[in-house]
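# Chains, contacts and geometry: an overview
As a plain string of letters, each chain reads:
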Amino acid sequence: MESTTRPRVHGHLEEIEEALINTKGGGTRQANRTLLDEDDDVDDVGGVDPGEVDIVTRFLRIVESQHLLGGNCTAGTDLNLGEGVVDRYAQERFRVEADVAVNRANMLTRLWKYAGAKVLHSEYLLHALVMAMVEFDDDIFAAGNCYDAHQYKDYWLFCPFAYRLPEGPVLVKDLAVEYKYLENTSEWFYMARKNAERVIYNYNQIAHGYHTYTFNWTTHTERFPDEILSVTYEDGKWSKPYYDCGGGNIWMLTYTVPFFGFANGTYHFKGTSGIDIDLRRVDIDQCPLPPGSTQLNIFAASDKCKKRTTQCEPVAGLGFRRGSYRCVCRRGFYFPDITAAQRFYNGSYVEEEYEKLALGRASMYAEAGALECLPCAQGCEWCEDARPCVAALNWPVRTALLALSAAVICCLPAVALFTVKYGHVKVVRAASPVLLRVIALGAFFMYCTTIASYFQPNVVWCTLRVWLRELGFSLTYGALMLKTWRISVIFRVRSARAVKITDLDLVKRVGVIAGVFSVFLAIRTLVAPPTAIEGKTAEGLKAYLCRTDWWDHSFTTLEVVFLGWGIRLCIVVRKAPSEFNEARFISMAIYNEFLLSVFLNVSMLFLQSPANPDLLFIILFCHTQLTVTLLLGLIFGSKVTTAGSEEIGSLPRTLPSTPDDPADGDLQADSDATSECAPMPTSENCEDSPGAGGAGSPEVPVQEGSVAECSELEQCPVLERLSGPVAI
């Protein structure tokens, strides 16, 4: 309610009214901008165009300027800030206070209808009513009930008005003595009269009630009806924010609602009930509204924090002024002055620098990095300074180990070339060159796990590491175990039926094993790809590791079961003589892999927390070298030394035969048979030989204690009686 007694002049800021009349609550600054000058050709400096200031900033600047002027103004209430600036904001912010005026209006209507002038001629009663309104809420600066002309006693105007004195107490007086509100065509009073006429015309807001009184000390009277034409919050009107010059010299906001008199069976407009809000007590929240908020706040998002590294945080209790916020660092950034007690930028200072820039003056706001926060170290979600929060990997050590692995990998082509160049040599031919190349290929895959583990873990490297490990394992140890399996089949045969297991048969079986592993790997990759997880080191730093889940445990179990089968085969063939001791070397490699795999997987369980990525990398490197490198040394080492001496100094060995034997040339020790066993007569000769019970061919003595395969791996019937060395 406008509460001054002085003549009024027109100081209405029409530009703000026009700019904000259609403003929606919570709009952004960009939606409500205007130019201080007409020049559009401005440079974008620091994200702000010089000369361009959002309308909310202009509004708040005017408020602050008038605060500084204080009483240096023209008396009256016409210095206002236009429709739509604070009135819509006030509809939500001060709804409770406005309802106090609505309640008091309905109470006055009821009193003037039923209590009559005899009661209401007590001015003290009316004074007490407005005093109670002010005392109801600290945000209410003043309250009044202003009567229309000749509506109270014989006074022309009467307006009981209560307001807070600077020293604190509430003073109640008749405002009409000083302020003739009808003479000044007061908009607030005029609008209340128009709203009253509308309510009376509609006549659809009837409040019903009853009273009973005390008849005697044991009985009530009958019920008497209490029925009035009431008003609601929507029947009132918020004023434009205005400066109460000469009164309190403060910015005010008034809500006014009509109340009625009753005479000759009809209602008529009698006066107004209103409250005044001291805008100095209103905190302006310039920070953006949270996502999804429906709160009405026309000042939202008008802060000047640099959004890239800082965010607005409102500060309560600073009143109706700009800069009632602080710019705090966003997550992932820290305040540059790490020794500061208050690590934020004061909103008032930010507003000042922003305004300097807008006016084309030198300003820190335009400087790169000024009024901003610094980024945290890589991987830090929150920090107080530049200290790392992610454990740094020991790149020199990791690089050295990677170089060693790369050096070993570079030797694998030489290994494969050796099996090709010396494939005709007995020691290589007997070991199946094709399977040796499969073993070398699997070793290449397993060595590459070191490369995949070298980099910072992510879903790609973690997935690649699993694929390389399992495919390499299936190829290398699948080939070894199938070679051992073929020995066990040959060694345990007890019938005269020929056993035929070619290298191609074994390669097919290796392909099946690798295919089974690939199917499980594909399912795992599609269903639950191994992602990188965040662990904590002993120092509390973050470290990234490849996640270990039940899929990994399942593959570990599959490997252990597979190795267990290999151990069983090794036990079966442990007494089988081998010409080049390869069965023994294969057994050593399988035992070694089994023990080290168990050790590695148990170690992984204890190295997940606290996390130590470098130690895990070293263990993985050592496991690969101690298993794969040792395997290659056992399988290929003896062949490299034997192949050279055999090709240079060895002479072909022949089995004794008669000079007339037509098959004598086929009994060479270095025959072209594809057998992995020592040379033996052909199956036809075996069948015809006396040792086999055959007849019609010269006798070919077979040394007892030797087992050999005939060409194309057709075993002779004598296998069941022989126990000599077996070449594989």
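Residues numbered from 1 in each chain as written. Predicted model: local features only at pLDDT ≥ 70, side-chain atom pairs only at ≥ 80, totals over all residues. Heavy atoms only, no water.

### Some words on the state of the cysteines
This structure, assessed with the given rule, holds 7 disulfides. There is a disulfide in this structure between Cys 287 and Cys 312, and the S-S distance comes to 1.8 Å. The sign of the S-S torsion, about -60 degrees, decides the handedness of the disulfide formed by Cys 287 and Cys 312: left-handed. Taken together, the residues span a long stretch of sequence, with Cys 287 in the loop between strand S13 (266–278) and strand S14 (310–314) and Cys 312 in strand S14 at a distance of 25 residues. A relative accessible area of 4% places Cys 287 in the buried class. Disulfide partner of Cys 380: Cys 389, at an S-S distance of 1.7 Å. Around the S-S axis, the bridge from Cys 380 to Cys 389 shows a dihedral of about -135 degrees and counts as left-handed. Judged by its relative accessible area of 10%, Cys 380 is buried. (Disulfide = S-S within 2.5 Å. Helix = DSSP H or I, 4+ residues; strand = E, 2+ residues; numbered from the N terminus. Buried < 20%, exposed > 50% of the residue type's maximum accessible area, 1.4 Å probe, protein only.)

### With respect to the UniProt feature "transmembrane region" (unreviewed entry) in the chain
The UniProt record marks residues 400–422, 434–455, 467–485, 506–527, 554–573, 585–609 and 615–636 with the feature "transmembrane region" (unreviewed entry), using the residue numbering of this structure. Spanning residues 434–455, this segment combines 95% helix with 0% strand, and its end C-alpha atoms are found 34 Å apart. Strand forms 0% of residues 615–636 and helix 100%; the C-alpha atoms that close the span are 30 Å apart. (UniProt positions renumbered as here; feature names shortened; annotations may be inferred.)

### Some thoughts on the packing of aromatic side chains
Per the stated rule, a full pass over the model turns up 35 aromatic pairs. Aromatic side chains Phe 94 and Trp 238 sit 6.3 Å apart centroid to centroid with 50 degrees between the ring planes, which places their arrangement in the tilted category. Residue Phe 94 is found in the loop between helix H3 (87–93) and helix H4 (95–115), and its partner Trp 238 is found in strand S10 (residues 237–238); the two are separated by 144 residues along the sequence. For the residue pair Phe 94 and Trp 238, the accessibility class agrees, reading buried in each case. These aromatic residues form a ring-pair network of at least three members: Trp 112, Tyr 147, Tyr 152, Tyr 155, Phe 158 and Phe 259. Residue placement shows Arg 223 over the ring face of Tyr 210; its charged tip is 4.7 Å from the ring centre. (Phe/Tyr/Trp six-rings, centres within 6.5 Å; stacked < 30°, edge-to-face > 60°. Lys NZ or Arg CZ within 6 Å of the ring centre and 35° of its normal.)

### Regarding the sheet that holds strand S15 (residues 325–329)
One open sheet holds the 3 strands; their spatial order is S14-S15-S17, and the pairing between them is antiparallel. The open sheet terminates on both sides in strands that have one partner only, identified here as S14 and strand S17 (345–346). In this sheet, S15 lies alongside S14 in antiparallel orientation, the contact comprising 5 bridges. Bridge assignment links Thr 310 to a residue of S15, and that residue is Cys 329. (Pairing = 2+ DSSP bridges.)

### Some thoughts on the nonpolar core
Ranked by size, the top nonpolar core spans 66 residues in total, and within it Leu 126, Tyr 147, Tyr 181, Trp 238, Tyr 255, Ile 275 and Phe 320 carry the most contacts. Sort the elements by how many residues they give to this core and H4 lands first, with 8 residues. Two domains each put at least three residues into this core: domain 1 (75–281) and domain 2 (291–389). Core analysis: the second largest hydrophobic core is formed by 49 residues, Leu 436, Ala 452, Leu 475 and Ala 643 among them. (Core = buried A, V, L, I, M, F, W, Y, C linked by side-chain atoms within 4.5 Å. Domains from an automatic or database assignment.)

### Description of the pairing of S15
Walk down a regular strand and you will see the side chains alternate between the two sheet faces. Within S15, 4 of the 5 residues are buried, leaving the element largely enclosed by the surrounding structure. Pairing analysis gives 2 bridges linking S15 to S17, with the strands arranged antiparallel. For Arg 326, the partnering residue across the bridge sits in S17 and is Asn 346.

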